[in-house]
Amino acid sequence: MLHTLPIRYVEPVYRPPSEADSLILPVTDGCSWNHCTFCEMYTAPQKHFRARAESEVLESIRHIGEHIGSEIRRVFLADGDALVLPTRRLLAILDAIRTHLPAVRRVASYCLPRNLRRKSVDELRELAAAGLSIAYVGAESGDDEVLERVQKGETYASTVEALDKLGQAGIRRSVMILNGLGGPALSLRHADNSARLANATQPEYLATLVVSFPLGETRFRDAFPGWRALTLHELFVEMERFLDRLELERTVFRSDHASNWLVLKGTLGAEKQRLLQQVRQAVADPEAAPLRPAWARGL
């Protein structure tokens, strides 16, 4: 699909798993921060950060509308953090989507908390009214030491502030936590403070992935000496502690990314005990748990 649409893509192109059926519309290239040592998504030279020309984006939307405008139901604004753009430009893009792609019912974007510091709740409400439905926030951890070690450029407080702004504006939040990010030394505080972050903000969606390094661990280890990957047992112990400390009301929880060994799906808090039971079974006897094999995880 990437090569048949009248859109200029700079590959590799990424989107959240739940946006698999969405039109991927680049409004920026790369990531405006791009210092996180665990992330390899935008490190290629061609992914150097830049905002796309407004004229190019609007023309792409118009062309899409002429060809398959009635078929598009969802749009994902790429690349790493479309919300870095000024509100005026985002409103122009959303207006063009509404005009040329009238069947669209959901517009989504990744969101770095830092990019909301200069946006007011009223501005975000304007974006929500114009069609921005959901923001994917890679919190990674709620622990300040873990965040500093991986050069996230955020803190517990900055992430809470961003999530609260989005919530007040009526934009749904999908928050991602990286299981194993703190290694064994920081595992328990990573679990505790990540749960504290979720409890404080009550996101509509919460997901966990297992930290992995397809291109190697050198870049990550240079900034986090002494780190090692958690064993399978340690990953499950960390997940058990994280789930146990969650106090959520109506959050859809997913741990079903390709990186996850144990697939978990449910609503928190209604299904918390069922999910905890699954994890505790894996902690007690990993061989008896229904683990996803490596070939099924694409590894």
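Basis of the calculations
Residues numbered from 1 in each chain as written. Predicted model: local features only at pLDDT ≥ 70, side-chain atom pairs only at ≥ 80, totals over all residues. Heavy atoms only, no water. Helix = DSSP H or I, 4+ residues; strand = E, 2+ residues; numbered from the N terminus. Rg over C-alpha atoms; globule rule 2.2 N^0.38 Å. Buried < 20%, exposed > 50% of the residue type's maximum accessible area, 1.4 Å probe, protein only. Contact = heavy atoms within 4.5 Å. Areas by Shrake-Rupley, 256 points an atom, 1.4 Å probe, with all protein chains shown as cover. Lys, Arg positive; Asp, Glu negative; His and termini not counted. Charge placed at Lys NZ, Arg CZ, Asp CG, Glu CD. Core = buried A, V, L, I, M, F, W, Y, C linked by side-chain atoms within 4.5 Å. Polar contact = N/O pair within 3.5 Å; in protein donor to acceptor, adjacent residues only side chain to side chain. Salt bridge = Lys/Arg side-chain N within 4 Å of Asp/Glu carboxyl O. Expected span 1.5 Å × (residues − 1). Axes fitted to C-alpha atoms, helices over the stretch in contact; angles between N-to-C directions. Parallel < 35°, antiparallel > 145°, perpendicular 65-115°, else oblique. Left-handed = near helix turned anticlockwise from the far one by under 90°. Nonpolar A, V, L, I, M, F, W, Y, C, P; charged D, E, K, R; others polar. Pairing = 2+ DSSP bridges. Right-handed = clockwise from strand over helix to strand, strands pointing away.

This brings us to the overall build of the protein chain. Summing up its helical and strand segments, the protein chain has nine helices and 10 strands in all. Computed over its C-alpha atoms, the radius of gyration of the protein chain comes to 19 Å, within 12% of the 19 Å expected for a compact globule of 299 residues. Its C-alpha atoms give the protein chain principal-axis dimensions of about 55 × 40 × 35 Å. Going through the 299 residues of the protein chain one by one, you find that 51% of them count as buried. Partitioning the intrachain contacts of the protein chain with sequence separation of at least 6 by distance along the chain shows that 78% fall at a separation of at least 24. Accessible area of the protein chain: about 13400 Å², with a carbon and sulfur share of 52%. Averaging the positions of the 38 positive and the 38 negative side-chain charges in the protein chain gives two centres separated by 2 Å.

Attention now goes to the nonpolar core. The biggest cluster of nonpolar side chains holds 73 residues, and the ones touching the most others in it are Leu25, Val75, Ile97 and Leu243. If near-sequence neighbours (up to four positions away) are discounted, Val75 is found in contact with Glu19, Ser22, Leu23, Leu25, Ile97, Leu101, Val104, Arg106, Val107 and Ala108. With 15 residues, the next largest nonpolar core counts Cys39, Val211, Phe224 and Trp227 among its residues.

All right, on to the side chain of Arg173 then. Following the sequence through the fold, Arg173 ends up in strand E7 (residues 172–179). For Arg173, a relative accessible area of 4% corresponds to the buried category. A polar side-chain atom of Arg173 sits 2.8 Å from the main-chain carbonyl oxygen of Leu163. Residues contacting Arg173, with those up to four places away along its chain left out, are Ala135, Leu163, Asp164, Leu166, Gly167, Thr201, Gln202, Pro203, Glu204 and Tyr205.

Here we take up the pattern of salt bridges. All chains considered together, the criterion is met by 28 salt bridges. Taken together, the shared-partner salt bridges connect Asp192, Glu240, Arg241, Asp244, Arg245 and Arg280 into one network.

Our next topic: helix H2 (residues 87–100). Its 14 residues give H2 an end-to-end C-alpha distance of 20 Å, which sits within 8% of 20 Å, the value for a rise of 1.5 Å per residue. Taken residue by residue, H2 has Thr87, Arg89, Leu90, Ile93, Leu94, Ala96 and Ile97 as its buried positions.

Let's shift gears to the packing of helix H1 (residues 54–68) against H2. It is at 9 Å that the axes of H1 and H2 come closest, and there the two elements cross at 10°. With respect to H2, the axis of H1 lies roughly parallel. Like other packed secondary-structure pairs, H1 and H2 cross with a definite hand, here right-handed. Seen from H1, the contacting residues are Glu54, Val57, Leu58, Ile61, Arg62 and Gly65; seen from H2, they are Arg88, Arg89, Ala92, Ile93, Ala96, Ile97 and His100. Residues of the contact of H1 with H2, tallied by class, amount to seven nonpolar, two polar and four charged.

Moving on, we come to the sheet that holds strand E4 (residues 74–78). An order of E1-E4-E5-E6-E7-E8-E9-E10 is seen for the eight strands of this open sheet, with the pairing classed as mixed. Two strands bound the open sheet, and with one partner strand each, they are strand E1 (23–26) and strand E10 (264–268). Across the sheet, the mean angle from the axis of one strand to that of its neighbour is 20°, orientation sign disregarded. Judged from the four bridges that link them, strand E5 (residues 106–110) and strand E6 (residues 132–140) form a sheet pairing that is parallel. By the bridge assignment for E6, Ala108 is matched with Ile134. Across the face of the sheet, helix H5 (residues 156–169) comes into contact with E6 and E7 while running at roughly 155° to E7.

Time to look at the pairing of E4. Of all five residues that make up E4, four are buried, and the element is covered over most of its length. Each parallel crossover has a hand, and the one from E4 via H2 to E5 is right-handed.

Moving on to the packing of helix H8 (residues 232–245) against helix H9 (residues 272–284). A pair of packed helices is captured by two measures, namely the crossing angle of their axes and the spacing between those axes. One can describe the packing of H8 onto H9 by two numbers: an axis separation of 9 Å at closest approach and a directional angle of 160°. Accordingly, the angle class assigned to the pair H8 and H9 is roughly antiparallel. You can see that H8 and H9 cross each other, and the crossing is left-handed. Along the contact surface, H8 presents His233, Phe236, Val237, Met239, Glu240, Leu243 and Asp244, while H9 presents Lys272, Leu275, Leu276, Val279, Arg280, Ala282 and Val283. Considering only residue class, the contact of H8 with H9 consists of nine nonpolar, one polar and four charged.

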